[in-house]
Amino acid sequence: MNILLIVVAILLVIVVGLYAFWLKLKKGKPGRIQGSEVEKKTYDEALVVDVRWRKEYARGHAINAINLPIKLFKDNSDVLDDYKDKDIILYCVVDVTSRNTEKLLRERGFTKLHIGDGIKQYDYGKAIYTNVLMSELRYRISKSSNYQLLNLGEEILSDKEIKVNDNEIDLILEKLDKDLEVFVYNTNPEDSKEVCEKLGLAGYTVINLIEPFNAKKYRNTFYNPKDYEENPKDQPASDCG
C-alpha cells in the first residue's frame, strides 16, 4: 500500500511539474507584441511573418501575415534579404520557433526583428485568404495554368486581368470562378483587405499581394522555387513551437 502511495505521489508531482512547465512555455518570454497589435500593422509599418509549417498557416493565421516556415532559413534561404531595412514581426505557436527564426535572421544581418504573440497566446482566427510577397505571387502565377487576376490598383499586369475598383467588387462576383484561385493586387494593399475578406468568406480561394504592386518590380522580381514548393514530407510542427 505504501509503495502504491509513493508511486501515486511521484506521478502527481510529474503531472504538476509538466503542467507548470506548459504554462510557463505558453506564457513565453516577455517583450512580445500583442496579437491585437500585430494584426493592426500595415505593410508600411511592418512585415508580419508566420514561421509555422504551411499546413498550419492554412488552418488559421494573422490577417496580415505571410507564411515563411523556419525551414527556409535553416536552409539559408535569402527570400527576405531585400527586406533587411524593414521592421519584421515573427510569430509561431508560442514563441520558440519565432525566436529560433529570429536568431537565424540575425546571423544574416537582420536587425529590425520583433516577436509577436503566438496562436496559443492570441486567437488570430481562421484563414480567410492567403498573403504573399511579390516573389511568391510570381511563383504561384508561373505554376498555375488556370487562375484569375483581380487588379484593384492603377498599374496593368496582364490583358487577362479583371480591373475593378475596390468599391465595385459586388459587380464582378459573377465573373469569378470559385474553382480557380483569385490573385489580388493593388497599388495600396491596405485597400485590398475588405475585398479579400469578402471573397474569402464567399468561398473563393484568394491569394493577396501584401506589398504595393508595381508592374516593373513584378517583372524584375526573382524567386527561388525551393522557397515555395510544397514538400509532402514536411510535417506540422508540435504545439510547443
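This report concerns the structure included in the present document. As the structure is a prediction and not an experimental result, all values here were calculated from the model.

What counts and what doesn't
Residues numbered from 1 in each chain as written. Predicted model: local features only at pLDDT ≥ 70, side-chain atom pairs only at ≥ 80, totals over all residues. Heavy atoms only, no water. Helix = DSSP H or I, 4+ residues; strand = E, 2+ residues; numbered from the N terminus. Buried < 20%, exposed > 50% of the residue type's maximum accessible area, 1.4 Å probe, protein only. Contact = heavy atoms within 4.5 Å. Pairing = 2+ DSSP bridges. Salt bridge = Lys/Arg side-chain N within 4 Å of Asp/Glu carboxyl O.

**Overview of the environment of L199**
Stage number 1. Within the fold, L199 resides in helix α7 (residues 193-201).
Stage number 2. Take L199: its relative accessible area is 0%, and that puts it in the buried class.
Stage number 3. As a C-alpha pair, L199 and V182 span 17 residues in sequence and 8.9 Å in three-dimensional space.
Stage number 4. Residue contacts for L199: discarding those within four places in its chain leaves L150, I169, L173, L176, V182, V184, Y204 and V206.

**Regarding the pairing of strand β1 (residues 47-50)**
Along any regular strand the residues' side chains alternate between the sheet's two faces.
Stage number 1. Of the two faces of β1, the one carrying L47 and V49 and the one carrying V48 and D50 are both buried.
Stage number 2. Where β1 meets strand β3 (residues 88-91), four bridges bridge the pair, whose relative direction is parallel. Within β3, the position partnered with V48 by the bridge is I89.
Stage number 3. Here β1 pairs with strand β2 (residues 65-67) via three bridges, running parallel.

**Some words on the pattern of salt bridges**
Stage number 1. Counted according to the given criterion, the structure contains 14 salt bridges.
Stage number 2. Salt-bridge contacts for R140 lead to E136; the nearest nitrogen and oxygen are separated by 3.0 Å. Here R140 pairs with E136, and both are found in helix α6 (residues 134-143), just four residues apart, close to one helical turn.
Stage number 3. Its salt-bridge partner being K198, residue D170 comes within 3.4 Å of it at the nearest N-O pair. Remark: K198 occurs in helix α7 and D170 occurs in the loop between β7 (162-163) and β8 (181-185); sequence separation between them is 28 residues.
Stage number 4. Under the relative-accessibility criterion, D170 is labelled exposed at 52%.
Stage number 5. Of the residues examined, K198 reaches a relative accessible area of 33% and is grouped as partly exposed.
Stage number 6. Salt bridges sharing common partners tie together R32, D95, R99 and D117.

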